[in-house]
Amino acid sequence: MARTRRPVVPGWFAGDGDGGGGGNGDGNGKGRPDGFGAGGFRLLGTRCGDCGAVFFPRVDSFCRNPGCAGTELAEVPLSRRGTVWSYTDGRYRPPPPYVSDPAVPWQPYTLVAVELAAERMVVLGQAAPGVTVADLRVGMPVEVAPGVLGEDAETVWTTWWWRPVPQDEPRPQDEPVPQDEPASHDGRGRA
């Protein structure tokens, strides 16, 4: 019997991770009507129709911008690539929704905070298997990739990982190019 692929948190990413593209993040592999693109694994956020602010994790009821009362929110695929903002290793077994078997010895993992290329926001995630803190440096390019967090007899629990981008690999054609941001108080486009 084939196991069902299910995201650990439904609606936070799209693409089934098998190179077929599409998918609506629920693990059923059905294509998206919006032309998401072949091999298009992406994190999903929401954009406020009033102020344009983008959020991850997604929110579907109100704008998180404290200066906006907007409620018209649209799902948007986020940048596949970004730069390492910070990183650390996790040496403890995290609580749910993290899926792990308490009978299996714990293996440390690497956490990466990534500033997305176009959105200029930081998204936290686990590094791909085999990527350690010794492999990372602040400012290096990384990309989001489909991952498997755990498996049981009926289900493959899917998630996202961050992995380093080879230096000679070109930017995907559908990837937004970061815009120059106006000067600000901290010099990074933030007030």
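Residues numbered from 1 in each chain as written. Predicted model: local features only at pLDDT ≥ 70, side-chain atom pairs only at ≥ 80, totals over all residues. Heavy atoms only, no water.

Notes on unusual backbone geometry
Then, in step 1: With omega at 0 degrees, the peptide bond leading from F56 into P57 counts as cis.
Then, in step 2: Looking at the element boundaries, P57 is found in the loop between β4 (54-55) and β5 (73-77).
Then, in step 3: Unlike most non-glycine residues, R120 shows phi in positive territory, near 55 degrees.
Then, in step 4: Within the fold, R120 resides in the loop between β7 (109-116) and β8 (122-127). (Helix = DSSP H or I, 4+ residues; strand = E, 2+ residues; numbered from the N terminus.)

Let's talk about the confidence of the model for the protein chain
Then, in step 1: A residue-level look at the protein chain finds 75% of positions with pLDDT of 70 or above and a mean pLDDT of 79.
Then, in step 2: Long-range and interchain partners of residues 17-38, a stretch whose pLDDT sits below 50, account for 48 contacts in this model, where long-range means more than four residues apart.
Then, in step 3: Low pLDDT (under 50) marks residues 177-191, which in the prediction has 18 contacts with non-local residues, meaning those over four places away or in another chain. (pLDDT = per-residue confidence, 0-100. Contact = heavy atoms within 4.5 Å.)

Digging into the layout of surface pockets
Then, in step 1: Estimated volume of the largest pocket: approximately 420 Å³.
Then, in step 2: Looking at which element gives the most residues to the lining of the largest pocket, the answer is β8, with three residues.
Then, in step 3: Partitioning the lining of the largest pocket into residue classes produces 15 nonpolar, three polar and no charged. (1 Å grid on protein atoms, 1.4 Å probe; cavity = no way out; pocket = protein on both sides within 12 Å on 5 of 7 lines; lining within 4 Å. Points joined across faces, edges and corners; volume = space filled by probe spheres on them. Nonpolar A, V, L, I, M, F, W, Y, C, P; charged D, E, K, R; others polar.)

Here we look at the environment of Y87
Then, in step 1: With respect to the secondary-structure elements, Y87 resides in strand β6 (residues 81-90).
Then, in step 2: Between the C-alpha atoms of Y87 and Q126, which are 39 residues apart in sequence, the distance is 9.4 Å.
Then, in step 3: For Y87, the contacting residues outside a window of four places in its chain are L111, V112, V133, L136, R137 and V138.
Then, in step 4: For Y87, the side chain forms a polar contact with the main-chain oxygen of L136, separated by 3.3 Å. (Polar contact = N/O pair within 3.5 Å; in protein donor to acceptor, adjacent residues only side chain to side chain.)

Points about the environment of F41
Then, in step 1: Positionally, F41 belongs in the loop between β2 (13-14) and β3 (42-48).
Then, in step 2: Judged by its relative accessible area of 5%, F41 is buried.
Then, in step 3: C-alpha of F41 to C-alpha of P146: the two residues are 105 residues apart in sequence and 6.6 Å apart in space. (Buried < 20%, exposed > 50% of the residue type's maximum accessible area, 1.4 Å probe, protein only.)

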